Each structure stands twice: as structure tokens, then as C-alpha cells.
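Results of the structural survey
One letter stands for each residue in the lines below.
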Amino acid sequence: MVVPIAYYLVLSAILFSIGVAAFLIKRNIITVFMSIELMLNAVNLTFVAFAHQWHQVSGQIFVFFVMVVAAAEAAVGLAIIIAIFRARNTLNVDQVNLMKL
Amino acid sequence: MAFDMYLVIFLIFGALCIAGALNLLLQRHPINSALSLIVVMTSLAVLYLLLGAEFLAAAQVIVYSGAIMVLFTFVIMLLNAGEEERTRGSRAAYLVGFPGVAALLGLLTYIFLSVRMPLGNAQLGGGTLVTTSDLSRVLFRDLLLPFEVTSILILVAILGAVALARKEES
């Protein structure tokens, strides 16, 4: 009943790479933000896998704090997206290239 | 044991993770991407449970697939986001980004698989489960100050979100 820890780490690397690729490809600002969440999740999986390997609780504590900060970050980020949409009426990142209207 | 149930569960939910992530990448409507991200996060909760992190599995479902993704779907529907138009992305993304991503993935996979034996195996059961009381003992005794600081962080984030999303009084 065993799975090598390396498989978990490879899965996490795949998820992180898909997140980076989505960050580069996607043009909708909300989807770009979602791919950041995907990268955070991939890193969390690495933390949990290493916490399991070393029989340490601190890895899971780290994931807990990452979750808390991600929740705060999602709230502020989505508020910024709403403000951008109000000001420019678009969600396309290509059209949001000026700091001042 | 010829039929390794643990490996089968890992493969099923790992494949579900990757399929959801690829679907996020390929779908053009943001709401489809959001729903496939929920699939990824829920399968990750199952993988956390396989690694003996029961509290984090519950928190993953409640915080990530629950709260954060509901916030995302809410904003997508509020802003009435339609299908994204395909534009040519930046040249730097294509020239540096994708080879960089491919190199990163190849390098990480090679390193992880080459140290596969020293890294050891993940086992189900046998005292590997980190219970919520283990976690809370560390969190509320050794790390009480960081825990309280995060509550202040969340308070500031709430205030910032309200201040940012509020309509300007004209």
C-alpha cells in the first residue's frame, strides 16, 4: 500500500507548470487570477507531501497559512478586478496597459 | 499485494487533477475554467487525505472549493464576463515563457524521479495521520503570535476589499 513521494512531487510540478502556462496564455484577467490559485495549490501539495515524508506538522502549518493568505489575496484581487472593470469596461489584459486613463 | 488500491486511488485523483487543470487552460469561457478549477481543488483534497492531512483536506474543501471559488464565480457572473477573445499574446511569453515552463517541468520531473528511492514512500495508516489536535497543539501553542497576526491580515483584507469595490460617490 505505498506510493512513492516522488509521484506526488511530479504531480505538483505538472500542476504548477500548467498554472504558469495558463498565466501566460489566458487573456481574461479573472482566468489569469485563477491560474495563480492553481499554482498556489500545486505548491501546497508539495508542502503536504514533504510534511508526510518527514513526519512533521510544520509543513501542514505552512499550508494552513498559505490558505489563509490566499483567501485574503482572492478577496482583495477580485475587488481590484471589479474596480478595473468599472473604470475600463473590459476584462482583457491586453487592453489594461495604461496606469492612468 | 497485486492490486494496490492506494496507488489506484492516487492515479485516479491525480489524473482528475491534471485533466481539470488542462481544462482550465483550454476552455475559453471563464465560468468553465472556474468549475474545472473546483474539480482540481476537490481532487487535491482527496490527495491530502491520502497523505494523512485530515484537517487540511477539510479546509481545502471549505476554504478553496467553497469560499474562494464561490467568490470567483460570483465575480464572473457579476461582471457578466463573456468568452475571451483570442489575441496574440506577448512575444516574450512565447519566446521565453513556454520553453522556460517546459524546461522547468522537465528538470523537476527528472530530479524527482532520480531521487525517488531516497525520498521514500507515502504510506496509508500506521500512525502517519496528523490529527487536528496535533495541528492545533502546534498552531495555538508555538505559533500563537503568527496565527493572531493572520487574523489582523484578514481584517485588513476585508477593509481593503470593501474600500476597493465600493462605488465612487459622485
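A few points on the structure. (Residues numbered from 1 in each chain as written. Chains lettered and ligands numbered in written order. Predicted model: local features only at pLDDT ≥ 70, side-chain atom pairs only at ≥ 80, totals over all residues. Heavy atoms only, no water.)

Thoughts on the overall build of chain B
When helices and strands are tallied, chain B shows 7 helices and 1 strand. For 170 residues, the compact-globule estimate of 2.2 N^0.38 gives 15 Å, and chain B exceeds it by more than 25% at 21 Å. Viewed in the frame of its principal axes, chain B has a C-alpha envelope of about 70 × 45 × 30 Å. Among the 170 residues that make up chain B, the fraction classed as buried is 34%. For chain B, contacts bridging at least 24 residues in sequence account for 67% of all contacts bridging at least 6. A total accessible area of about 10100 Å² is found for chain B, and carbon and sulfur atoms account for 70% of it. Of the charged side chains in chain B, 9 are positive and 10 negative, and the gap between their average positions amounts to 9 Å. (Helix = DSSP H or I, 4+ residues; strand = E, 2+ residues; numbered from the N terminus. Rg over C-alpha atoms; globule rule 2.2 N^0.38 Å. Buried < 20%, exposed > 50% of the residue type's maximum accessible area, 1.4 Å probe, protein only. Contact = heavy atoms within 4.5 Å. Areas by Shrake-Rupley, 256 points an atom, 1.4 Å probe, with all protein chains shown as cover. Lys, Arg positive; Asp, Glu negative; His and termini not counted. Charge placed at Lys NZ, Arg CZ, Asp CG, Glu CD.)

As for a nonpolar patch on the surface
Taken together, the side chains of Leu107(B), Tyr110(B), Ile111(B) and Val115(B) define a hydrophobic patch exposed on the protein surface, amounting to about 400 Å² of accessible area. Mapped onto the secondary structure, Tyr110(B) falls in helix α4 (residues 91–114). (Patch = residues over 30% accessible without salt bridge, like charges linked within 9 Å, V, L, I, M, F, W, Y side chains within 5 Å. Salt bridge = Lys/Arg side-chain N within 4 Å of Asp/Glu carboxyl O.)

Focus: the nonpolar core
With 68 residues, the main nonpolar core has Tyr8(A), Ile30(A) and Leu47(B) as its most contacted residues. The dominant element in this core, judged by the number of residues it contributes, is helix α3 (residues 58–88) of chain A, at 12 residues. Those residues in contact with Leu47(B), other than ones at most four positions away along the chain, are Tyr8(A), Leu11(A), Leu45(A), Phe10(B), Phe13(B) and Cys17(B). (Core = buried A, V, L, I, M, F, W, Y, C linked by side-chain atoms within 4.5 Å.)

As for unusual backbone geometry
Residues and elements named next belong to chain A. One non-glycine residue, His55, adopts positive backbone phi at about 55°. Positionally, His55 belongs in the loop between α2 (29–54) and α3. The class of His55 is exposed, set by a relative accessible area of 60%. In this model, Asn89 sits at a positive phi of 60°, which is unusual for a non-glycine residue.

Notes on the packing of α2(A) against helix α2 (residues 30–50) of chain B
Between two packed helices, both the angle of their axes relative to each other and the distance between the axes serve to describe the pair. Viewed as axis vectors pointing N to C, α2(A) and α2(B) meet at an angle of 5°, and their least axial separation amounts to 11 Å. Viewed along their axes, α2(A) and α2(B) adopt a mutual orientation that is roughly parallel. Here Thr31(A), Met34(A), Glu37(A), Leu38(A), Asn41(A), Asn44(A), Leu45(A) and Val48(A) of α2(A) lie close against α2(B), whose contacting residues are Pro30(B), Ser33(B), Ala34(B), Leu37(B), Val40(B), Met41(B), Leu44(B), Leu47(B) and Tyr48(B). Among the residues making up the contact of α2(A) with α2(B), the classes are represented as 12 nonpolar, 4 polar and 1 charged. (Axes fitted to C-alpha atoms, helices over the stretch in contact; angles between N-to-C directions. Parallel < 35°, antiparallel > 145°, perpendicular 65-115°, else oblique. Nonpolar A, V, L, I, M, F, W, Y, C, P; charged D, E, K, R; others polar.)

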